[in-house]
Amino acid sequence: EMDEQERAFQDRIDRGEKIEPQDWMPEGYRKTLIRQIGQHAHSEIVGQLPEGNWITRAPTLERKAILLAKVQDEAGHGLYLYCAAETLGISRDEMTEQLHAGKAKYSSIFNYPTLTWADIGAVGWLVDGAAIMNQVALQRTSYGPYSRAMVRICKEESFHQRQGYSIMMKMASGTPEQRRMAQDALDRFWYPSLMMFGPSDKDSVHSAQSMAWKIKVSTNDELRQKFVDQTVPQAEYLGLTVPDENLTWNEEKGGYDFSEPDWQEFYDVLAGNGPCNADRMAARRTAWEDGAWFRDGLVAHANKRAAQRMA
Ligand code: FAQ
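Remember, it's a predicted structure, so these values are computed and weren't measured experimentally. (Residues numbered from 1 in each chain as written. Predicted model: local features only at pLDDT ≥ 70, side-chain atom pairs only at ≥ 80, totals over all residues. Heavy atoms only, no water.)

Quick look at the nonpolar core
A general trend in soluble globular proteins is that nonpolar side chains are found buried together. Counting residues in hydrophobic clusters, the biggest one holds 48 residues, and the most contacted among them are Trp117, Trp125, Phe189, Trp190 and Phe227. Of all the elements in the fold, those that place two or more residues in this core are helix H4 (61-86), helix H6 (117-138), helix H7 (144-172), helix H8 (176-195), helix H10 (220-238) and helix H11 (263-273). With eleven residues, H6 is the largest single contributor of residues to this core. (Core = buried A, V, L, I, M, F, W, Y, C linked by side-chain atoms within 4.5 Å. Buried < 20%, exposed > 50% of the residue type's maximum accessible area, 1.4 Å probe, protein only. Helix = DSSP H or I, 4+ residues; strand = E, 2+ residues; numbered from the N terminus.)

As structure tokens, then:
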């Protein structure tokens, strides 16, 4: 039941062409991208909060400078992604409103607390590790501005991942207490990191259409498997134990068998009932309200400059 325009569009996708902002696109394609890029942008912005929590308590000046730079990078990624979404005909203010109204999602992972300094290591290692796994694939997404944003973001994310692993190496080779902190961080962040890839393929509502449009180029389960295969040897190198008794190497498939996360917990977090959902939303709303005077000032200044140019 595809009409001629849709058929021509799908042919372009199938040939591997990139779609650009001025090009014709089906409404569903536009909507799906706005949803996904918007969620991705919100994740970067909300994702600053769990790490921002430790900037004032970083153990050394060097670690503090590195963490500050990383959190600033996340802000940059968020702004970059909002711009990519704006090319599809939605404004940043509208996206922000959707987030604050609870209509737009952000990644479930940022609703978990960062309780110790080792958690900052685990976030860099596991959360950025999962993010890169997903984003490397998304460099090949069919929408030009999103795909180009991913290229740059992935470069910065791999630095983030390395800094997280460097914290984990330090902690895992430290005192028995530091080792315990590192293991505890892995225990708490393992399953939430697996959840970042979304529901299993059989429950993923958007995958089939998004794959046909090449908005997504890998399924949720494919990326989750690759993440586990990459991460388990890294945990072994640290001398830490992945909290999964069913974890075994499967020679036949050339990958690990592993336990699925608790999907009920995942849906509870999505519904707003994770440990930090309320805190995260409150922090974002307060930041938005507190910044109103500054945004007003910028607009007033821009208007004044425009009027001067006219005169
Ligand atoms: N959290 O049908 P599907 C970062 C929702 S990395 C929350 O499979 P889809 C870097 C999904 O939206 C994190 N919601 O959906 C960083 C949908 O709900 P909807 C950000 C989730 O879109 C690191 C419903 O469930 N990365 O920020 C999650 O085809 C450290 C059904 O699911 C991205 O956003 C989840 N985990 O596949 C920053 C990557 N999973 O919209 C700071 C781009 C699923 O119908 C510190 N996004 N849902 O209401 C994607 O690749 C995709 O959107 C997926 C989900 C794979 C997340």
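A look at the packing of helix H2 (residues 27-46) against H7
Contact pair H2 / H7: the axes reach a minimum separation of 13 Å and the direction vectors enclose 25°. In terms of axis orientation, H2 runs roughly parallel to H7. When you trace H2 past H7, the crossing you get is left-handed. For the pair H2 and H7, contact is made by Leu33, Gln36, Ile37, His40 and Glu44 and by Tyr146, Met150, Ile153 and Glu157, respectively. A breakdown of the residues in the contact of H2 with H7 according to their chemical character gives five nonpolar, two polar and two charged. (Axes fitted to C-alpha atoms, helices over the stretch in contact; angles between N-to-C directions. Parallel < 35°, antiparallel > 145°, perpendicular 65-115°, else oblique. Left-handed = near helix turned anticlockwise from the far one by under 90°. Contact = heavy atoms within 4.5 Å. Nonpolar A, V, L, I, M, F, W, Y, C, P; charged D, E, K, R; others polar.)

Overview of the state of the cysteines
Put plainly, two cysteines are in a disulfide when a covalent bond ties their sulfur atoms together. What the rule picks out here adds up to zero disulfides. Its sulfur unpaired, Cys83 is 18 Å from the next cysteine sulfur, which belongs to Cys154. Exposure remark for Cys154: the relative accessible area of 8% places this residue in the buried category. (Disulfide = S-S within 2.5 Å.)

Quick notes on the pattern of salt bridges
For the structure on display, the rule yields 16 salt bridges. Put simply, Arg30 and Glu27 hold a salt bridge, and the shortest N to O gap is 3.3 Å. Of the two residues, Arg30 and Glu27 both sit in helix H2, three residues apart, roughly one turn of that helix. Judged by relative accessible area, which is 21%, Arg30 ranks as partly exposed. (Salt bridge = Lys/Arg side-chain N within 4 Å of Asp/Glu carboxyl O.)

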